[in-house]
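# Coordinate inspection notes
The lines below spell out each chain.
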Amino acid sequence: MKQLVTICTVLLVAASAQTPDTTSAERYFPLQVGNVWEYEGQEEGVEKLQQNRVTEETVVGGTRYFRYEAQQVDPAGTPVGSSRVAYVRFDTLSTEIRTLDGGNGLYEIPFGFPLGAPFGSESNYDGCNARVEGGYAQAVEIGDDTVVTSVKTVDTGGCEYASTFAAGIGFTRYFAMFESSALRYARVGGVEYGEPFITSSEQGPAATRGALLEPYPNPARGPVAVPYVVAAPEPVRLEVVDLLGRTAAVLADGVRPAGSYEAGFDTARLAAGVYVLRLVTSAGTATRR
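Every chain is numbered on its own, with residues counted from 1 as its sequence reads. Restriction of local features to residues with pLDDT of at least 70 applies here, the model being predicted, together with a cutoff of 80 or more for giving and counting side-chain atom pairs; totals for whole chains, interfaces and linings are based on all residues. To get the side-chain values, take all heavy atoms of the structure and skip hydrogens and water.

## As for the overall build of the protein chain
- Strands are runs of DSSP state E lasting at least 2 residues, helices are runs of H or I lasting at least 4, and numbering of each runs from the N terminus. Of regular secondary structure, the protein chain possesses zero helices and 19 strands.
- A 1.4 Å probe rolled over the protein chains alone gives each residue an accessible area, and that area as a share of the maximum for its type sets the label: buried under 20%, exposed over 50%, partly exposed in between. Counting only residues that meet the buried cut, the protein chain has 47% of its 289 residues in that class.
- When checking whether two residues touch, look at their non-hydrogen atoms; a contact exists if any pair is within 4.5 Å. A fraction of 54% describes how many contacts in the protein chain between residues 6 or more apart in sequence connect residues 24 or more apart.
- Residue-level accessible areas treat just the shown protein chains as cover; the underlying method is Shrake-Rupley with a 1.4 Å probe. Carbon together with sulfur atoms contributes 50% to the accessible area of the protein chain, which is approximately 14000 Å² in total.

## Structural notes on unusual backbone geometry
- Unlike most non-glycine residues, Thr95 shows phi in positive territory, near 55 degrees.
- Topologically, Thr95 is positioned in the loop between β5 (84-91) and β6 (96-99).

## Some words on the pattern of salt bridges
- Basic side-chain nitrogens of Lys or Arg form a salt bridge, by our definition, when they fall within 4 Å of a carboxyl oxygen of Asp or Glu. Counted by the stated rule, this structure contains 11 salt bridges.
- Arg64 is the salt-bridge partner of Glu57, the closest N and O atoms lying 3.5 Å from each other.
- Looking at Glu57, the relative accessible area reads 39%, which means it is partly exposed.
- A relative accessible area of 45% places Arg64 in the partly exposed class.
- Of the charged contacts in the structure, one is a salt bridge between Glu69 and Arg67, with a shortest N-O distance of 3.0 Å.
- Given the relative accessible area of 19%, Glu69 is considered buried.
- Each of Arg237, Glu239, Asp253 and Arg278 takes part in salt bridges that share partners, so that together they form one network.

## Looking at the packing of aromatic side chains
- The rule is short: rings of Phe, Tyr and Trp, with Trp giving its six-membered ring, pair when the centres are within 6.5 Å, and they are stacked under 30 degrees, edge-to-face over 60, tilted in between. Summed over all chains, the structure comprises six aromatic pairs.
- Measuring from ring centre to ring centre gives 5.6 Å for Phe165 and Phe171, while their planes differ by 50 degrees; the resulting arrangement is tilted.
- Exposure remark for Phe165: the relative accessible area of 0% places this residue in the buried category.
- The class of Phe171 is buried, set by a relative accessible area of 6%.

## Observations concerning the environment of Val188
- Residue position: Val188 is located in strand β12 (residues 179-188).
- C-alpha of Val188 to C-alpha of Gly170: the two residues are 18 residues apart in sequence and 8.5 Å apart in space.

## Quick word on the nonpolar core
- Joining through side-chain atoms within 4.5 Å is the link that ties buried Ala, Val, Leu, Ile, Met, Phe, Trp, Tyr and Cys residues into a set, and such a set is a nonpolar core. Counting 40 residues, the largest nonpolar core has Phe29, Trp37, Leu115 and Ile169 as its most contacted members.
- At four residues, the largest contribution of residues to this core is made by strand β8 (residues 130-142).
- Excluding anything up to four places from it in sequence, Ile169 contacts Arg27, Pro30, Trp37, Ile142, Val147, Leu183, Ala186, Val188 and Tyr193.
- Formed by 18 residues, the second largest nonpolar core is a distinct cluster that contains Val224, Val240, Leu251 and Tyr275.

## Some points on the pairing of strand β3 (residues 46-60)
- When DSSP locates at least two bridges between a pair of strands, those strands are taken to pair. Where strand β2 (residues 36-43) lies against β3, eight bridges are found, and the strand directions are antiparallel. Paired with Glu43 across the two strands is Val46, which belongs to β3.
- Joining the antiparallel neighbours β2 and β3 is a turn of two residues, in which Glu44 adopts a positive phi near 55 degrees.
- Pairing of β3 with strand β4 (residues 63-73) involves 11 bridges; the strand directions are antiparallel. Bridged to Asn52 within β4 is Ala70.
- From the end of β3 to the start of β4, which pair antiparallel, there are two residues, and Gly61 there has a positive phi angle of about 60 degrees.

## Remarks on the confidence of the model for the protein chain
- A residue's pLDDT is simply how confident the predictor is in it, with values from 0 to 100. Of all residues in the protein chain, 79% have pLDDT values of 70 or greater, and the mean over the chain is 77.
- Taken together, the stretch residues 1-21 has pLDDT below 50 and engages in 84 contacts with residues farther than four places along the chain or on a different chain.
- Note on residues 284-289: pLDDT is under 50 here. Beyond four places in sequence and across chains, it has 23 contacts.

## Examining the pairing of β12
- Within β12, seven of the 10 residues are buried, which leaves the element mostly enclosed by the surrounding structure.
- As defined by bridge partners, strand β11 (residues 170-176) adjoins β12 across three bridges and the pair is classed as antiparallel. Among the inter-strand pairings, Arg173 is bridged to a residue of β12, identified as Ala182.
- Hairpin geometry of β11 and β12 is characterised by an intervening segment of two residues between the two adjacent antiparallel strands.
- Taken together, the four bridges between β12 and strand β13 (residues 191-194) define a ladder with antiparallel strand orientation. Bridged to Arg187 within β13 is Glu192.
- Between β12 and β13, which follow one another and run antiparallel, lie two residues, and Gly189 among them has a positive phi close to 60 degrees.

Quick look at the structure:
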């Protein structure tokens, strides 16, 4: 007989008002050693397979960077040509990805467009009339998996190409007149999505499935996103409770297919204090504050 499993994490509600973090820009390009992304697509009618990896974290000139490597492969997974390597970091002030040499072509971020730009915003970057499209609770397909999360597409309009990013996952899709690519597998923060077509993806930190992830922003006074992963199709209940165990809000209650989700919640209606997010599934019993 299966037991209930309860996974808890602390959610802080700030007493003072804050500007809502409506984009959580850094989550659109997660940099962590062991992260892997595998893409398939076409370039001028020729099939193209590529694996991107974060392989190390280092300090250069007093600034911390991540070593980001992109390698094209053939259908058997054999490397084709030399890999491209760059050292990158996320600039929290500009909400852009910065590289050690100043380039950004490896990451398909148009003209260094800030990932912190809000949905619906427009900017005439290099005459391309870029527009930020997307929104919260969008479905993203990665191989055979579907992830519900915030999605941001930078559509350059006049320059005829677009790049898409998913919160908690990273770069997912690129489209141009003679080139396109789509994410088919990812391992981000130890969580896997889709199935790897490059066997070397099995190396590195072991993947985990089934978890209540860190809410963001936290502390907060306003909208909060609560990401969680369901290991298998099963009943799920996600709720917010106070320190006396009283339910303040129910964010999810029902059967969920396996996959990653992101529940939204507005903390503005709660009194300031410490609250707990509680995820209940059917795999056993465990408690974590």
